[in-house]
Every structure is written in structure tokens, then in C-alpha cells.
Amino acid sequence: MAYGTSRTLGRALMLAAVAGMPGVALADIAFTAPITLATAQRPGGVAVGDFNADGNQDIAVTVDTQDRIMLFTGNGAGGFAPGQSILTGAGTGPDTLQAVDVDGNGTIDLVVALHNVGLVRVYVNTAGSFAAGSGVATGADPRGLDAGDIDGDGDADFAVANRATNNVTIIRNNAGVLAAVNVAVGVEPRDVTMGDFNNDGDLDIATGNHDDRTVSILSNNGTGTFSVSSTFVLNAGTRPSGLDSGDLNGDGRDDLAIANDNRVSVLLATATGFGPRNDLPAGANPGPVLVVDLDADGDLDLASGDELGSGVWFRENLGTGTFGVATTITTGLHPGDLAAGDLDNSGTMDIVVPNRDANTTTVLINANAGNPNCPADLTTGAVVGQPGYGVPNGVLNNDDFFYYLAQFAGGNVAVADLTTTAIPGSAGYGVPNGVISNDDFFYYLSLFAAGC
């Protein structure tokens with residue numbers, strides 16, 4: 001069952017609702033004392049997801065020696081116990097991870113780039129236990145795996161940068177069956193990110209090309225096929241590596257944050273591309289970059305790993321795509337990838353970072369208080385298939401509205417059925433009845449307008 005409520009109409013209704021929302025108090029980015037998890041040698045990639053379906057977020061970390069993925073089971077209060085160790089094969093070199101439901105069966109699978117053998121492989125989750133599933137060949141030395149629904153069929157697709165063959169492998173997923181195509185980009189791409197950079201409703205891809213100092217934008221033609229629409233020099237004196245995307249200034253467009261040498265550069269999207277970069281100092285050679293709301297104020301902040309040092313840098317978004325003074329948290333030596341998730345069920349996002357040359361993984365529990373009981377809070381992100389899609393985070397923003405709109409249009413009774421009537425005070429108001437109607441939509445609008 002579906003209704004004809006368009007995204008444009010939904011945006012107009014949402015904006016009307018937002019006008020009546022209470023203001024959101026600003027908070028500083030702060031964490032409790034770091035938690036250290038012992039891993040095997042040379043951890044690198046990390047992902048967060050509820051792997052055993054107990055309602056608590058767990059952690060997966062790739063390690064180079066021995067080649068495997070290590071799981072840590074969360075207790076919902078910020079504590080972790082060693083779980084399954086998934087061997088990926090001798091010499092495979094597991095690197096970047098994504099935690100997503102690949103086959104659509106409701107469990108969170110793991111997808112890993114095996115950089116030594118040019119392969120992306122799915123590890124299928126059955127009742128919390130993982131086994132090797134389908135794989136697809138990439139270019140040489142794949143890095144920087146990202147996930148999102150690029151062809152609009154409702155499941156997670158993937159893109160990965162191939163560092164040694166100067167291309168990106170785009171992997172379309174059809175109910176767990178993977179098919180790949182390569183698209184040439186610049187020299188030595190090290191990371192990819194998906195975002196709607198031209199504001200046409202489809203996910204595009206950006207890649208940072210380290211050795212020719214460029215960024216490539218691959219535009220989606222609407223069906224999940226791509227071509228390079230632009231390539232630009234980020235900074236003639238620096239080399240881009242990690243990057244991430246999200247709406248940093250609240251204008252509805254996806255912006256870019258790109259690590260290059262000793263800074264993170266923010267590029268805000270415009271109607272014709274990107275505006276001038278804003279360079280933010282970020283330690284010694286930042287590698288990974290993460291765009292995530294860390295202070296529970298509804299806008300997206302920045303995190304970056306000090307790849308040649310031993311810390312993670314955080315900057316608070318001041319609400320317009322400008323950022324405050326950096327806060328640095330000490331981790332282990334040479335932090336690798338970054339992942340976010342609500343690890344203690346507090347309603348705020350926590351951070352996990354593996355430390356390559358300390359053989360540890362650092363867990364940073366957010367000290368800010370979210371609102372885990374906010375009824376209109378439905379998701380951490382609005383992009384189908386990405387980590388956090390459908391997972392509340394105690395923060396109410398546009399992503400929640402568009403998530404509800406998608407569930408309403410798709411006839412998802414479990415999420416979209418909220419009320420029997422739209423008349424406040426009437427019998428059945430706020431009582432689901434197993435049927436989706438316009439009453440449910442307008443009831444959700446009232447919840448959204450009330451805020452958290």
C-alpha cells in the first residue's frame with residue numbers, strides 16, 4: 001500500500017511543522033573516560049550494528065594479523081565482551097567494513113573490503129553468527145567502502161575506492177546478489193562517500209584521489225549507473241585521503257568534509273557545485289573523517305583520526321556549516337577508521353576507533369544526554385541501507401521526517417501505523433489500529449512539531 005505524498009509536499013509539511021518546534025539547546029562535544037578493547041595485531045576497519053538482535057549495538061573490527069573480523073558484543077551500557085572471530089582467509093587483508101542488511105532478512109550482515117586480493121565479500125548473519133557469503137571482484141587494493149541505496153530498489157549497494165588501479169568499483173545489490181562495474185577516477189583514490197551532491201534525489205559518489213590532489217564527483221543517472229561529472233583540485237599543496245558527506249549547513253544539500261595532509265576541508269554544496277573550502281587544522285595527517293551529530297543539537301559535527309599520531313579530533317558544528325575549536329581525545333597509536341553508534345542506549349552517538357599500531361580499539365562514550373524516549377525520533381540517517389537507517393538516536397531532525405515518509409509511502413504498518421484518528425482527545429487518538437491512513441501521517445506531524 002502506498003500513498004501519493006511526494007517528497008516535495010512532505011518537505012513543505014515538514015517545514016510548517018518545524019516552525020512550531022522548540023529550540024534545541026546546544027551542548028559541547030564531550031566523552032567519558034576512553035574504554036580500551038584489546039584486539040589482534042594491526043586493527044583497521046570498524047563497524048557498529050546490532051548483530052545478535054538483542055537491542056544493543058555491537059562492534060566489529062578488522063585485523064591484519066591474523067586476517068579476520070573480531071566481534072565485541074555490547075551489553076547496552078557501554079560494556080563489551082569478545083564474540084565471534086571471523087577468519088577471512090590467509091593474506092586477504094581485511095580492511096574497511098560496513099554493517100548493513102544485505103539480503104533483506106532483517107539481520108545486520110557485514111561487508112568487508114579485502115585489500116590484498118581485490119575483493120568485497122559479504123559475511124551473512126544467521127542468528128548472530130557469521131559465515132562467508134557472496135563476493136565480487138574489485139580493482140586492486142580496495143579501500144574506503146561505503147554503502148547506500150544507489151538504484152532506488154530499497155536495499156544497500158556499495159562503492160569502494162581501488163587505490164592501485166585508479167578507479168572505483170560500484171556494486172549493485174539485488175536481494176543479496178552482487179554485480180560490479182568499475183569507473184575510472186583520479187590517481188590513487190583512498191576513500192569514497194555517497195551523497196546527493198546535485199540535489200536530484202539520487203545518491204552520487206565522491207572520491208579523494210591522493211596522488212593527483214583531486215576530488216572526483218561521480219553522478220548517478222537515476223538508475224545506479226555513474227559517470228564522472230567533475231574533477232577538481234582540492235588544494236594544490238595537499239593530498240586528499242578520507243572523506244565523508246552530509247548536510248552541514250541545513251540547506252538540504254549534501255556537503256563534503258575531506259582530510260588532506262594536516263587539515264579537514266569543508267566544502268558546502270551550491271546549486272552549481274561546491275563553494276570555497278574552509279580548512280580546519282586537524283593534527284598530523286588526518287585519515288578517516290566522520291560526519292555525525294555528537295552534541296545532540298540536530299546538526300552534524302566532525303570527527304577525524306590523527307593517522308600519524310594517537311588521537312581523534314572533534315569539532316562542533318555551530319549550526320551554519322562553520323565549526324568551533326577542536327577538541328582532541330587521546331586514543332592508541334595510529335588510529336584507523338571511525339564508526340558511530342549509540343553503544344550505551346543513552347540517545348546520543350558514541351565513537352569507536354581501532355588503533356593500528358597499539359593493537360587496541362578505543363570506545364568513546366558520549367557524555368551528552370540525548371532523549372531516547374522521543375516518539376518522533378525514528379532514525380539516525382535518511383539514506384536507505386546506510387548504518388543508522390531506522391535506528392533512533394535521541395535527536396529529531398529532517399532525517400526522521402523523511403524516514404517516516406518513506407515508511408508511510410511503502411505501507412510499513414509496523415512503523416507508520418500510529419493512530420486510529422487524527423482528532424486530539426478522541427477515542428483512538430494515538431492508538432494504532434493496523435491500518436495506515438492519512439490520520440497516521442498527520443499524527444506523526446503533530447509528534448514531530450512537538451519536538452523532543
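Refer to the structure printed above.
Residues numbered from 1 in each chain as written. Predicted model: local features only at pLDDT ≥ 70, side-chain atom pairs only at ≥ 80, totals over all residues. Heavy atoms only, no water.

## Observations regarding the overall build of the protein
Link 1 in the chain: Scanning the protein from N- to C-terminus turns up four helices and 30 strands.
Link 2 in the chain: Its C-alpha radius of gyration of 21 Å places the protein within 12% of the 22 Å reference for a compact globule of 452 residues.
Link 3 in the chain: Projected onto its principal axes, the C-alpha positions of the protein cover 65 × 45 × 45 Å.
Link 4 in the chain: Taken over 452 residues, the protein has a buried fraction of 53%.
Link 5 in the chain: Summarising the internal contacts of the protein: among those between residues at least 6 apart in sequence, 44% fall at separations of at least 24.
Link 6 in the chain: Taken as a whole, the protein presents about 16800 Å² of accessible surface, with 53% of it coming from carbon and sulfur.
Link 7 in the chain: In the protein, which carries 16 positive and 51 negative side-chain charges, the distance between the mean positions of the two groups comes to 12 Å. (Helix = DSSP H or I, 4+ residues; strand = E, 2+ residues; numbered from the N terminus. Rg over C-alpha atoms; globule rule 2.2 N^0.38 Å. Buried < 20%, exposed > 50% of the residue type's maximum accessible area, 1.4 Å probe, protein only. Contact = heavy atoms within 4.5 Å. Areas by Shrake-Rupley, 256 points an atom, 1.4 Å probe, with all protein chains shown as cover. Lys, Arg positive; Asp, Glu negative; His and termini not counted. Charge placed at Lys NZ, Arg CZ, Asp CG, Glu CD.)

## With respect to the sheet that holds strand 25 (residues 301-306)
Link 1 in the chain: The antiparallel open sheet is built from four strands, whose spatial order is 24-25-26-27. The sheet terminates laterally at strand 24 (286-292) and strand 27 (327-330), the two strands that pair on one side only. Between one strand and the next, the sheet's axes are offset by a mean angle of 20°, whatever the strand orientation.
Link 2 in the chain: The sheet contact formed by strand 26 (residues 311-315) and strand 27 spans four bridges and is antiparallel. Bridge assignment links G311 to a residue of strand 27, and that residue is T330. (Pairing = 2+ DSSP bridges. Axes fitted to C-alpha atoms, helices over the stretch in contact; angles between N-to-C directions.)

## Some points on helix 2 (residues 398-409)
Link 1 in the chain: With twelve residues, helix 2 extends 16 Å from end C-alpha to end C-alpha; this agrees with the ideal 16 Å at 1.5 Å per step.
Link 2 in the chain: Of the residues making up helix 2, those classed as buried are D400, F401, F402, Y403, Y404, L405, Q407 and F408.
Link 3 in the chain: Phi for G411, located one or two positions after helix 2, is positive at around 75°. (Expected span 1.5 Å × (residues − 1).)

## Here's the deal with the side chain of T348
Link 1 in the chain: Assignment of secondary structure puts T348 in the loop between strand 28 (339-341) and strand 29 (350-355).
Link 2 in the chain: Looking at T348, the relative accessible area reads 2%, which means it is buried.
Link 3 in the chain: A distance of 3.0 Å separates a polar atom in the side chain of T348 from a polar atom in the side chain of S346. (Polar contact = N/O pair within 3.5 Å; in protein donor to acceptor, adjacent residues only side chain to side chain.)

## Comments concerning the pattern of salt bridges
Link 1 in the chain: By the definition in use, this model includes eleven salt bridges.
Link 2 in the chain: Here E188 makes a salt bridge to R163, at a shortest N to O gap of 2.9 Å. With E188 in the loop between strand 13 (177-184) and strand 14 (189-195) and R163 in the loop between strand 11 (157-162) and strand 12 (167-174), the pair connects residues that are 25 residues apart, well separated along the chain.
Link 3 in the chain: Owing to a relative accessible area of 14%, E188 belongs among the buried residues under this scheme.
Link 4 in the chain: Take R163: its relative accessible area is 27%, and that puts it in the partly exposed class.
Link 5 in the chain: One salt-bridge network, held together by shared partners, links R42, D64, R356 and D357. (Salt bridge = Lys/Arg side-chain N within 4 Å of Asp/Glu carboxyl O.)

## Some words on the packing of aromatic side chains
Link 1 in the chain: Applying the stated rule across the entire model yields 13 aromatic pairs.
Link 2 in the chain: A network of ring pairs unites the aromatic residues F401, F402, Y404, F408, F441, F442, Y444 and F448 as a single cluster. (Phe/Tyr/Trp six-rings, centres within 6.5 Å; stacked < 30°, edge-to-face > 60°.)

## Regarding the side chain of D297
Link 1 in the chain: Structurally, the position occupied by D297 is in the loop between strand 24 and strand 25.
Link 2 in the chain: Although buried, D297 forms no salt bridge, and the nearest oppositely charged side chain, R315, lies 15 Å from it.
Link 3 in the chain: Only 3.2 Å separates the side chain of D297 from the backbone nitrogen of D299, close enough to count as a polar contact.

## Looking at the sheet that holds strand 14
Link 1 in the chain: As summarised here, the arrangement of the four strands in space is 14-15-16-17, forming an open sheet in which the pairing is antiparallel. The open sheet has two free edges, formed respectively by strand 14 and strand 17 (226-233), since each of these has just one partner strand. Ignoring which end each strand starts from, the neighbouring axes of this sheet average 20° apart.
Link 2 in the chain: Looking at chain direction, strand 15 (residues 204-209) and strand 16 (residues 214-220) are connected through five bridges and run antiparallel. In the strand pairing of strand 16, I205 is matched with L218.

## Remarks on the packing of helix 2 against helix 4 (residues 438-450)
How two helices sit against one another is set out by the angle between their axes and by the gap between those axes.
Link 1 in the chain: Axis separation between helix 2 and helix 4 bottoms out at 11 Å; the angle between their running directions is 170°. Between helix 2 and helix 4, the crossing angle belongs to the class labelled roughly antiparallel. Between helix 2 and helix 4, the contacting residues are D400, F401, Y404, L405 and F408 on the first element and N438, D440, F441, Y444, L445 and F448 on the second.
Link 2 in the chain: Residues that form the contact of helix 2 with helix 4 fall into these classes: eight nonpolar, one polar and two charged. (Parallel < 35°, antiparallel > 145°, perpendicular 65-115°, else oblique. Nonpolar A, V, L, I, M, F, W, Y, C, P; charged D, E, K, R; others polar.)

## So, helix 4
Link 1 in the chain: If you check helix 4, its first and last C-alpha atoms are 19 Å apart, about what 13 residues at 1.5 Å a residue would give, namely 18 Å.
Link 2 in the chain: Of all the positions in helix 4, only D440, F441, Y443, Y444, L445, L447 and F448 are classed as buried.
Link 3 in the chain: Remark: G451 follows helix 4 within two positions and exhibits a positive phi of approximately 75°.

## Quick notes on empty space enclosed by the protein
Link 1 in the chain: One pass over the full model with this rule turns up one cavity of 30 Å³ or more.
Link 2 in the chain: Taken as a whole, the largest cavity encloses approximately 60 Å³ of empty space.
Link 3 in the chain: For the largest cavity, the full set of lining residues is V264, L280, P281, A282, L302, A303, S304, W313, F314, R315 and A326.
Link 4 in the chain: Listing elements by their share of the lining of the largest cavity, those giving two or more residues are strand 23 (278-281), strand 25 and strand 26. (1 Å grid on protein atoms, 1.4 Å probe; cavity = no way out; pocket = protein on both sides within 12 Å on 5 of 7 lines; lining within 4 Å. Points joined across faces, edges and corners; volume = space filled by probe spheres on them.)

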